Amino acid sequence: MGRVVLIFLIIISAAFGEVVFGISSVAMKDDIVTIEKWRQYLSLKSGEKIRLIFTKSYDEMRSLLESGAIDIAYLCGATYVESRQSAKLDILAVPVVAGAPYYFSYVIARNDCDCHSILDFKDKTYAYSDPKSNSGSIVPQYELLKHGINPRYFFNKTITTYDHAESIHAVAVGFVDGASVDSIVYDAFVMFNPDIAKKIKIVQKMGPFPSTPLVVRRALSKDKKKALRLAVTAMHSDPVGKKILFRLGIERFDYRPPYDYTPIAKMINSLKKASHAYR
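Let me begin by describing the structure that accompanies this report. (Residues numbered from 1 in each chain as written. Predicted model: local features only at pLDDT ≥ 70, side-chain atom pairs only at ≥ 80, totals over all residues. Heavy atoms only, no water.)

Remarks on the packing of aromatic side chains
And step 1. The final tally for this structure, using the stated rule, is twelve aromatic pairs.
And step 2. When the centroid spacing of 5.2 Å and the interplanar angle of 65 degrees are considered together, the rings of Tyr80 and Tyr261 count as edge-to-face. On the criterion of sequence distance, the pair formed by Tyr80 in helix H5 (residues 77–83) and Tyr261 in the loop between strand S11 (252–254) and helix H13 (262–278) is long-range, its members being 181 residues apart. Of the two residues, Tyr80 and Tyr261, neither departs from the other in class, the shared state being buried.
And step 3. An angle of 85 degrees between the planes, with centres 5.8 Å apart, marks the rings of Phe192 and Phe246 as edge-to-face. Taken together, the positions of Phe192 in helix H9 (residues 183–192) and Phe246 in helix H12 (residues 239–248) put the pair 54 residues apart, joining distant regions of the chain.
And step 4. In this structure Phe192 comes out as partly exposed when scored by relative accessible area, which is 31%.
And step 5. Through pairs of rings, three or more aromatic residues link up here, namely Phe121, Tyr126, Tyr128, Phe154 and Phe155.
And step 6. Across the ring face of Phe192, the terminal group of Arg247 is positioned such that the distance to the ring centre comes to 3.8 Å. (Phe/Tyr/Trp six-rings, centres within 6.5 Å; stacked < 30°, edge-to-face > 60°. Helix = DSSP H or I, 4+ residues; strand = E, 2+ residues; numbered from the N terminus. Buried < 20%, exposed > 50% of the residue type's maximum accessible area, 1.4 Å probe, protein only. Lys NZ or Arg CZ within 6 Å of the ring centre and 35° of its normal.)

Overview of unusual backbone geometry
And step 1. Following Gly207, the chain continues into Pro208 via a peptide bond in cis, with omega recorded as 10 degrees.
And step 2. Mapped onto the fold, Pro208 is located in strand S9 (residues 200–210).
And step 3. For Lys88, which is not glycine, the phi dihedral falls at a positive 55 degrees.
And step 4. A positive phi angle, near 65 degrees, is found at Asp123, a position not held by glycine.
And step 5. Here Asp123 shows up in the loop between strand S5 (102–110) and strand S6 (125–128).

Structure below.
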């Protein structure tokens, strides 16, 4: 998305009083229809005009948030940790799955793979979803680091799919030997894609980690924030909202404080220190 287009979007959105909702393709490109229904639902229940924007990566999402082009966004926990100050973000709500506001990083492989943890993928081909994805990049690299392994030289080759669903596909067809993916995305994906689910397995679960947050720009008006939070957190008690949540693999949304993301911040800092040490 060019800079001129960005400025144009900001001007248009401000002129029409729209709330711009940013969704990253990394986590949610697989079901565009459901995302559009989610936008329509939130617009109806909050009384706000909501426009949807998809970003290709978490870096692009961060850039748009920092420029003020996006008002609310569904972010990875790691991206939130790194951009909450520069983009002046507050948590609107977080997804609850299996009764808790947490999720896991899954290491996955084909069913015929003789592997039991990420340590069994030495000199193999591995897929990361996004460089700034907690479950798809930060967690697996940190797991290797805990075992005294330099993540940069552990695998024979790594690829970045910029899409958890694409990482799952890449494993299923044998394009890569393994991958790390978001548990919420994975569980929803295999539920609606049983043929692919038969070809793959979860090798290792790492976590739990605080769930991927729905964030809002601090500068957005209090009335808009309140209306949006009420619309999101009441979805599970509404028949239409409940169907949307089911398709997303989420039970409900709830509010959680910022300090819940300290474990992710610590992993990011450890990886940064290790990166400098390995130079």
